[in-house]
Structure formats: C-alpha cells, structure tokens
Amino acid sequence: MPELPDVLLYMKALEPRIVGQAVGRVRVVSPFVLRTFEPPVEAMEGRRVRSLRRLGKRIVLALDDELFAVIHLMIAGRFRWSDKPAAKLPGKITLAAFDFEHGTLLLTEASPKKRASLHVVQGEASLAAHQPGGLEPLEATLESFAAALKQGNHTLKRALTNPRLFSGIGNAYSDEILHAAGLSPVKLTQSLSDGESHRLFYARRGILTQWIDKLAADFGDRFPGAGEVTAFRPEFAVHGRFGQPCPVCGTSVQRIRYAENETNYCPRCQTGGKLLADRSLSRLLKKDWPRTIDAWEQG
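Structure report, in brief. (Residues numbered from 1 in each chain as written. Predicted model: local features only at pLDDT ≥ 70, side-chain atom pairs only at ≥ 80, totals over all residues. Heavy atoms only, no water.)

1. Concerning the environment of A237
Test applied: Only DSSP runs of H or I reaching four residues or more are called helices, and only runs of E reaching two or more are called strands; each is numbered from the N terminus. Burial classes: relative accessible area under 20% of the type maximum marks a residue as buried, over 50% as exposed, and values in between as partly exposed (1.4 Å probe, protein chains only). Only heavy atoms enter the contact rule, under which two residues are in contact if any of them lie within 4.5 Å.
Tracing the backbone shows A237 in the loop between α6 (194-219) and β9 (254-258). A residue is classified by how much of its surface remains accessible, and A237, at 13% relative accessible area, is buried. Linking A237 and V253, residues 16 residues apart in sequence, is a C-alpha distance of 8.9 Å. Not counting the four nearest positions on each side in its chain, A237 is found in contact with E176, H179, P247 and V253.

Below is the structure:
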C-alpha cells in the first residue's frame, strides 16, 4: 500500500500536470471503484482541479465549488500518467481514467480483489468524514506522539499502522521505523519507557523525512512508472528483506507472517536476540522452534 512518502511523491508528480486544469471526461471502467452515486462522478467534468490534498493515505482532488474526488489506492492501486489526451486504457488493470487537455490520469489496480476506491463528495463536511483522524507524523510534537501511543495498550506495530493514531504509516515504513529505533514490533505501547518513546519519535521523523527527500530527488519531475511505487525497496533495512543481512549488525532479518502481511525485524537490533513466533512456522516446528537467533543460526 502506498504510504506517506509514496503518496507525497504522487502529489508532487500530479500537481504540475493537473492543478489548474479542467477535467474533461471521467471514464469509470470498473464499477467497483466508484463508492458514491451522489453527486454523480460526471459532476467532475468541466470543473478545474484547484488543489491536491492528503487525508492519511488518500489523495484528494479539490475541484471547483467544493467538489472533491477522494482516491484511496489501498494495496495494489496505482496512478499512471499519459501525455496523450483521452489515452487508450491499458488492459484489465484500469479502474478509471480522468481526461485532461494535456494528458490522461489513469487509476489502475493490478489485483483481482479491486480494493481501491473513488468517492465523489460535495462540501467540506462530507470530505471531513474521510479523515481517519491520526496525527500527522511530521507535525506531531513529542508530547502528542507519546500521548497517542499510550491511548491503548497495543503492540508498536499495530499502533504505528493505526490510521486513527498516526496518519500515513503502513506496513513497510513501520518496519523501518522500528528497526531505526531498535524496538521490537510486539512491544506493548504502555510498557515503553520515556527514552524508548523519544527514540521512536525521532526514528519515525527521520525515516519518513529520509524517504520523502530520497524519492523526490530520485524521480525529480518524472511521473512514477508502473512498479516504481512499491513497498519493497532494495535500500530498506528490514522490510521485505527476510533472510538477508541486517545492514547494522549482519544478522539475518526475520519475519512474522499474518494474513496478507508480514513484519520484518532484526532479532539482534530489536528483540535482544529473541526470535518472535511466526504463527505458521512455529506451529509446524512446535518444540523444534528456536527461541533465539543464535539457536536459529546454529541450525
């Protein structure tokens, strides 16, 4: 799922291409992507995009007369840009297309589950209903960050990825943040010391700022191509790097798998050498499941 650095990358690429431009035609290809019927999606046609906004991981096209198009890419949704007006739609992956005078914005999804969504809403009050409410990670103070963490007693992984607590952080960047802070993904929020809260606060700010700046520099004015907005980047420290060496200590990166996601971590840097139980693998191995990274590496 595109997270804060990726969403900002898309907004940076979209701004010079569509802000100030009138929407020509909206072509909805997949009926599942459009989640609202009033106002109709055709109400976008002929109106100018006045600005872009972000609500968590959602990108908002703010048009004339307080009409808003709220786009949530979810896991596999992506944007593509064609310099051709009314461009031909690529294959089965296209969900919708927004035609402009100087090009076409395509909303695609390379997944049969079709989770990406488009809501067309009228007025600021209706738009506010799509705001998850989490703290903006680069605007929150240390005090507000610590208070949000301790609203409940959840694992750090769950807390960081809860959009009602923190805006724009998902599976990938939470792994990177926790590794930078040297904290276990399953440590409970109410067990954090003040020092650990401080480490997590600055690690979160540092990792997100680093990747926002890096992606902006890497892409420049170029629109991200297919596959270039991804949760798996070779420069990541741990996310998506199961079995590869931690860049800090060289220990093999480990994982916890659940549903469609997995958490990656370094057992030496983050859990004091302890291996966290992977549900499927530990159930299979039972008593043979190693409790420490030393036992794992010794086979």
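2. A word on the packing of helix α5 (residues 171-181) against α6
What describes two packed helices is the angle between their axes and the distance between those same axes. Put simply, the rule reads: Every axis corresponds to a line fitted to the C-alpha atoms, with the helix fit spanning only the stretch in contact, and the corresponding angles, defined between N-to-C directions, vary from 0 to 180 degrees. Orientation is classified from the angle alone, with under 35 degrees giving roughly parallel, over 145 giving roughly antiparallel, 65 to 115 giving roughly perpendicular, and any other angle giving oblique. The handedness criterion is simple: a crossing whose near helix is rotated anticlockwise from the far helix by less than a right angle is left-handed, and one whose near helix is rotated clockwise is right-handed. Three classes are used, and their members are as follows: Ala, Val, Leu, Ile, Met, Phe, Trp, Tyr, Cys and Pro are nonpolar, Asp, Glu, Lys and Arg are charged, and the others, Gly among them, are polar.
It is the contact of α5 with α6, at a shortest axis distance of 8 Å, that shows an interaxial angle of 125°. In terms of axis orientation, α5 runs oblique to α6. Like other packed secondary-structure pairs, α5 and α6 cross with a definite hand, here right-handed. For the pair α5 and α6, contact is made by Y173, E176, I177, L178, A180 and A181 and by R199, L200, A203, R204, I207, L208, W211 and L215, respectively. For the contact of α5 with α6, a count of residues per class yields 11 nonpolar, no polar and three charged.

3. Observations concerning the packing of helix α1 (residues 4-18) against α6
Between α1 and α6, the least distance of the axes is 9 Å, while the angle of their chain directions is 35°. The two elements α1 and α6 meet at a crossing, and its hand is right-handed. Counting all contacts with α1, which are made through L4, P5, D6, L8, L9 and K12, the residues of α6 involved are L208, W211, I212, L215, A216 and F219. Grouping the amino acids of the contact of α1 with α6 by side-chain chemistry returns 10 nonpolar, no polar and two charged.

4. Digging into the packing of aromatic side chains
Geometry of an aromatic ring pair is reported as the spacing of the ring centres plus the angle between the planes. Convention followed: Two rings from Phe, Tyr or Trp (for Trp, the six-membered ring) form a pair when their centres are within 6.5 Å of each other. A pair whose planes differ by under 30 degrees is stacked, one over 60 is edge-to-face, and the rest are tilted.
According to the stated counting rule, one finds nine aromatic pairs in the structure shown. Between Y10 and F223, the ring centres sit 6.1 Å apart and the planes meet at 40°, which makes this aromatic pair tilted. Taken together, the residues span a long stretch of sequence, with Y10 in helix α1 and F223 in the loop between α6 and β9 at a distance of 213 residues. Note on F223: relative accessible area 10%, which makes it buried. One aromatic cluster is present, built from ring pairs that chain together F145, F166, F201 and Y202.

5. Regarding α1
Put simply, the test is: Multiply 1.5 Å by the residue count of a helix minus one, and that product is the helix's expected span.
The first and last C-alpha atoms of α1 sit 20 Å apart over 15 residues, in line with the 21 Å expected at 1.5 Å per residue. Looking one or two residues past α1, G20 carries a phi angle of roughly 90°, positive in sign.

6. Some thoughts on the side chain of K157
Here K157 lies in helix α4 (residues 156-160). With relative accessibility at 7%, the residue K157 sits in the buried group. Filtering out sequence-adjacent residues up to four positions away, K157 remains in contact with N171, S174, D175, L178, P185, Y258, E262 and T263.

7. Considerations on the sheet that holds strand β2 (residues 49-55)
Let me state the cut-off plainly: By the convention used here, strands pair only if DSSP detects at least 2 bridges between them.
One open sheet accounts for four strands, arranged β2-β3-β4-β8; its pairing is antiparallel. The sheet is open, and its two edges are formed by β2 and β8 (117-122), each paired on a single side. Each neighbouring strand pair of the sheet contributes to a mean axis angle of 20°, computed without reference to strand direction.

8. Considerations on the pairing of β2
Remark: a regular strand shows side chains that alternate across the two faces of the sheet. Where β2 lies against strand β3 (residues 58-63), six bridges are found, and the strand directions are antiparallel. Residue pairing in the sheet places R53 in a bridge with V60 of β3. Taken together, β2 and the strand that follows it, β3, pair antiparallel across an intervening segment of two residues, in which G56 is found at a positive phi of about 65°.

9. Comments concerning α6
End to end, α6 covers 38 Å across 26 residues, agreeing with the expected 38 Å (1.5 Å per residue, within 8%). Listed in full, the buried residues belonging to α6 are E196, S197, L200, F201, A203, R204, I207, L208, W211, I212, L215 and F219. Close packing links the buried residues of α6 with α1, α3 (142-149), α4 and α5. Of the residues one or two after α6, G220 is the one with positive phi, at around 55°.

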